[in-house]
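Tertiary structure, described
So the chains spell out like this:
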Amino acid sequence: MKHIRNFCIIAHIDHGKSTLADRLLDFTGTVTERQKQDQLLDSMDLERERGITIKSHAIQMEYVHQGETYVLNLIDTPGHVDFSYEVSRSIAACEGALLVVDAAQSIQAQTISNLYLALENDLQIIPVLNKVDLPSANPEEVTDDIVDLLGCDPEEVIPASAKTGIGIQEILEAIIDRVPAPKGNVDEPLQALIFDSVYNPFRGVETYFRVINGEIKKGQKIKFLATGKTYFADEVGTLKLTQFPKQSIKSGDVGYLITGIKDAREVKVGDTITDAANPTQNMIEGFENVKPMVFAGIYPVDTEDYEELRGAMEKLQLNDASLVFAPESSAALGFGFRCGFLGMLHLEIIQERLEREFDMTVITTVPNVSYQAYTKKNPEEIIVVNNPSDLPDPSKLDRVEEPFIKASIITKADYVGPVMSLCIEKRGVITNQTYLTPERVELHFDMPLAEIVFDFYDRLKTVSKGYASFDYSPVGLRASKLVKVDILINANSVDALSALVHADNAYDIGKKMVEKLRELIPRQQFDIPIQAAIGAKIISRETVKALRKDVTAKCYGGDISRKRKLLEKQKKGKKRMRQVGNVEIPQQAFMAVLKLN
Ligand code: GTP
């Protein structure tokens, strides 16, 4: 065990985490660049295209230090706030962390939030100043920033370039010297932490774990404590370029487990694996059932595809346990599903997977967070509102609570004004302001989650000209004055366009919604009135004027390629249209309310 080191890499997005991981694998001869490329061809397309780590994995390297061979387990952490619980469990599986800071960008919001997670778990921090090869690098200044943040010596900061290979050996040496070897007792009952799982269509769920005490053996009968279920460990092993099956994985080490589980929901990140015959009395701390944060309706474009959509959702859920769904119906859209997601990125991933892997064309309705409502009649009973139409009638409503978050934003002093204005517009209340350096400020706000899940990040980037980083964590529910704004198109209320908004903003939002919809709904043979209403009261109105001419008429029949392009474009647009009453509404319109500036 004294020759094992378990570590992760934490960094703000784009500071070079994946590039550094590749370098370490290269340097230790674990995986060459070429092999990695080939190997990755098989893994999720989406992940590669988006260039972000959606799912965390673990990989084992060997490194010879002073004549002795060490086993280094690199546990990867997802880089997006939607997956923050998985980050926390991966960190809990390690003893040390490389804190990677871009030498041009310095410390950013995720650097700090990840650092706190690592410190909470008592990880040894190795600061790495990455990208020192960049002409725009500021190594002295950024080293000072890191020293201030960590309270460490400047010599502890390792200058590196994951691109050119500077500092890679020093980093490996530091992992061995500074990260403590795992503690634990191989003679105690098995206690292993699940920090990740991956669905494999042929072999079932692959579970990644870190053994704290005891050992996990091939063929052993094991038990998952949170779910209470037992399985046989059909295969255990370690991960290098490919899986290396082994007879056992002992305390301190990291590995994978295959039990033939076919449903991702049975394997819960944060759960404890133990021996079924001789179970541990102690569940590893920190287990949580992850809860969806964002809800939206998903409907087939063609109503006849409902059953097919159900089948696709069920299959997706088998390999993505954080997706939840329940049937719902909408007067406007017919039968579909109310789905819960970890965040907006997760929603987009599911939508894309439905289209790519299952060839479904779907309409996604206005997403919302999960509210809790209470009626006057029964003020103690919680009514969970995952869909605006579930909000009780205003006359019966006692109060509504909405989820809040604590936001941390780091920006340049020059942009404090615009960032504050934006946060205040989003109902934020400032709770703290700290100058990290004379130019860089950290701001803390309490804000409603609903205000940040949609376009907040884009707006923040705009008002700060890109010089702001952002992170958040939930702080629970708080009372709020919310009303339901309904949209009527051609006098028909379209339930899928209803939104819950703060009463003070309702008029403004209603007005912007109808303006946006007027732009997005294509003109048809008749005038289409678009109205926003709160209850029976109309608060805003616009009209989509009737179409007078044939759309292709303006091409004068001359430029045939242009005409074809136009028709082509219309056809594409058609694909995601939904007929509501006698009006065709494009998919974009359902999401439009999220992007009202
Ligand atoms: P996510 O996985 O999206 O969180 O990003 P990341 O932190 O893993 O960053 P990634 O490794 O994808 O690197 C981001 C960009 O920085 C890429 O374009 C890399 O090529 C570049 N990069 C990484 N390390 C270095 C370095 O040492 N020097 C230079 N010049 N560029 C680097």
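I will try to describe carefully the structure that is included in this document. Residue positions are given per chain, counting from 1 as you read along its sequence in written order. For a predicted model such as this one, the threshold for reporting local features is a pLDDT of at least 70, and the threshold for listing and counting side-chain atom pairs is 80 or more; totals across whole chains, interfaces and linings nevertheless cover every residue. Water and hydrogen atoms were dropped before computing side-chain values, which therefore reflect all heavy atoms in the structure.

Right, let's get into the overall build of the protein chain. Secondary structure elements are defined from DSSP: runs of H or I of at least 4 residues count as helices, runs of E of at least 2 residues count as strands, and each element is numbered from the N terminus. In terms of helices and strands, the protein chain carries 15 helices and 33 strands. Expressed as a percentage of the 597 residues in the protein chain, the buried residues total 51%. Accessible surface area values rest on a Shrake-Rupley calculation with a 1.4 Å probe, where residue burial reflects the displayed protein chains alone. For the protein chain, the accessible area works out to roughly 27300 Å², and carbon and sulfur atoms hold 50% of it. Under the scheme applied here, a residue whose accessible area is under 20% of the maximum for its type counts as buried, over 50% as exposed, and between as partly exposed, the area being computed with a 1.4 Å probe on protein chains only.

In this structure, D14 takes a positive phi of about 75° despite not being glycine. Here D14 shows up in the loop between strand 1 (4–11) and helix 1 (17–27). A relative accessible area of 65% places D14 in the exposed class. At D359, a residue that is not glycine, the phi angle is positive and equals roughly 55°. Position of D359 relative to the elements: it lies in the loop between helix 9 (344–358) and strand 20 (362–364). Using a relative accessible area of 67% as the deciding quantity, one classes D359 as exposed.

It is worth spelling out the pairing of strand 10 (residues 221–224) at this point. By the alternation rule, side chains of strand 10 split into I222 and F224, which are all buried, and K221 and K223, of which none is buried. Here three bridges tie strand 10 to strand 11 (residues 230–232), and the two strands are oriented antiparallel to one another. Bridging across to strand 11, K223 finds its partner in T230. The hairpin turn running from strand 10 into strand 11, its antiparallel successor, is five residues long, and G228 in that turn takes a positive phi close to 75°. Each pair of strands is called paired provided DSSP finds at least two bridges between the two strands. Relative to strand 16 (residues 272–275), strand 10 is paired through three bridges, and the arrangement is antiparallel. Bridge assignment links F224 to a residue of strand 16, and that residue is I273.

This next bit is on the site of the ligand. In the vicinity of the ligand there are 18 residues, among which K17, S18, T19, D133 and A162 approach most closely. Contact between the ligand and K131: an oxygen atom at 2.9 Å from a side-chain N or O atom of the residue. In protein, a polar contact requires one atom able to donate a hydrogen and another able to accept it; more generally it is a pair of N or O atoms within 3.5 Å, and residues adjacent in sequence count only if both atoms are side-chain atoms. A distance of 3.1 Å separates an oxygen atom of the ligand from a polar side-chain atom of S161. Taking 640 Å² as the accessible area of the ligand by itself, protein coverage stands at 78%. Element by element, the count of residues in the shell around the ligand is highest for helix 1, at three residues. The nonpolar class holds Ala, Val, Leu, Ile, Met, Phe, Trp, Tyr, Cys and Pro. Asp, Glu, Lys and Arg form the charged class, and all remaining residues, Gly among them, are polar. The residue makeup of the shell around the ligand, split by class, is four nonpolar, nine polar and five charged. When we say a residue is near a molecule or strand, we mean one of its heavy atoms is within 4 Å of it.

Before going further, it helps to examine the nonpolar core. Only buried residues count toward a nonpolar core, which is a set of Ala, Val, Leu, Ile, Met, Phe, Trp, Tyr and Cys residues joined through side-chain atoms within 4.5 Å. Core analysis: the largest hydrophobic core is formed by 50 residues, its most contacted members being L354, I409 and F456. Each domain's limits were defined by an automated method or a database of domain assignments. Mapping this core onto the domain boundaries places at least three of its residues in each of domain 3 (294–365) and domain 4 (371–480). Of all hydrophobic cores here, the second largest spans 34 residues; its members include A97, A118, V147 and C152.

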